[in-house]
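# Examination of the molecular architecture
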Amino acid sequence: MTPEEVGARLVALLAPVEATPSVSGGQRFARATVDVPPASWLTAVSAARDDADLACDFFDWLSAVDELAEGFDVVAHLWSTRLRHGLLLRTRLPRGAPTVDSVVDVYPGAAWHERETHEMFGIDFAGHGELLPLLLPPEFEGHPLRKEFVLASRVAKPWPGAKEPGESEAGGGRRPIRPPGVPAPGEWGPTPTPAGAGGVGEGPRGGTPARPAGERPARPAPGARPPAPDAGPAASGGEPIADPPGGAGRSDHDGGTA
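Here is what the cut-offs are and how they apply
Residues numbered from 1 in each chain as written. Predicted model: local features only at pLDDT ≥ 70, side-chain atom pairs only at ≥ 80, totals over all residues. Heavy atoms only, no water. Helix = DSSP H or I, 4+ residues; strand = E, 2+ residues; numbered from the N terminus. Buried < 20%, exposed > 50% of the residue type's maximum accessible area, 1.4 Å probe, protein only. Pairing = 2+ DSSP bridges. Contact = heavy atoms within 4.5 Å. Phe/Tyr/Trp six-rings, centres within 6.5 Å; stacked < 30°, edge-to-face > 60°. Polar contact = N/O pair within 3.5 Å; in protein donor to acceptor, adjacent residues only side chain to side chain.

This part is about the environment of A39. Of note, A39 is situated in the loop between β2 (31–35) and α2 (41–50). For A39 and D101, which are 62 residues apart along the polypeptide, the C-alpha to C-alpha distance reads 7.9 Å.

It is worth spelling out the pairing of strand β5 (residues 85–93) at this point. Buried residues dominate β5, accounting for 7 of its 9 residues. Both strand β4 (residues 72–80) and β5 contribute to a ladder of 9 bridges, which runs antiparallel. Note on β5: the bridge partner recorded for V74 is T91. Connecting β4 to the antiparallel partner β5 that follows it, the hairpin turn spans 4 residues, and R84 within it adopts a positive phi of roughly 60°.

Attention shifts here to the environment of H85. Among the structural elements, H85 can be located in strand β5. Along the backbone, H85 and A32 are 53 residues apart, and their C-alpha atoms lie at a distance of 8.6 Å. In contact with H85, not counting residues within four places along its chain, are M1, V6, D53, L54, C56, L78, W79 and S80.

What follows is about the packing of aromatic side chains. This model, assessed by the stated rule, comprises 3 aromatic pairs. An angle of 35° between the planes, with centres 5.7 Å apart, marks the rings of F59 and Y107 as tilted. Taken as a pair, F59 in strand β3 (residues 58–66) and Y107 in the loop between β6 (99–101) and α3 (111–121) lie far apart in primary sequence, 48 residues in all. There is no split in this pair, since F59 and Y107 are both buried.

What follows deals with the side chain of E119. Along the chain, E119 falls in helix α3. There is a polar contact of 3.1 Å between the side chain of E119 and the backbone nitrogen of L134. Setting aside anything within four residues of it in sequence, one finds E119 in contact with P133, L134, L135, L136, G142, H143 and P144.

Given below as structure tokens:
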């Protein structure tokens, strides 16, 4: 069956439920994708497994996507080992009360996937019964994969990635780009912002710029030579230093004296 036929078959099985078929990806990676209401989530998963034309006997994975104000998308990928086609099932949950039926009774292998999704996104799976911490310690508060979750480690210290060529250890002069969940320096937490961590233009509470004003030496005027290290005040007054006359007493071969 083509992805279009797989999606149309599941929609027909769920009628009169308003399910929306589509195709994700392209070429050999194309997958039938069906969006169903939360109340029909368990029914759709069961139909995909039990229907002879779909025969999705293998549970691949389940996760979620944070769509901010629009809520959360719960996504499951199923596969037919006999017919060699896949199916993506999606349902959207409201942000205020993200709850959907568990599919553990249909696919026991979904148990860990639902635990991880509950832990990382705060989505409840009714009927699971054991939504215990899987990856985080029991005392951890919050859901790290929600986009509003503040990454405290990025507040406590600068990003530990490699510096660009020419950047000092205190930080570069370019304005950093913060991903969702990373606050501006000084906006969250009790730890003071390290010098230079905020870069330039981070606001009144940002870090100290990596290179304070006035520390950069002034550029010499066009055509002028920089003063020698031990030159006196006369040499540093900005006047060009004259070249020695004619090269008298200088060899043409190695630059030494005649």
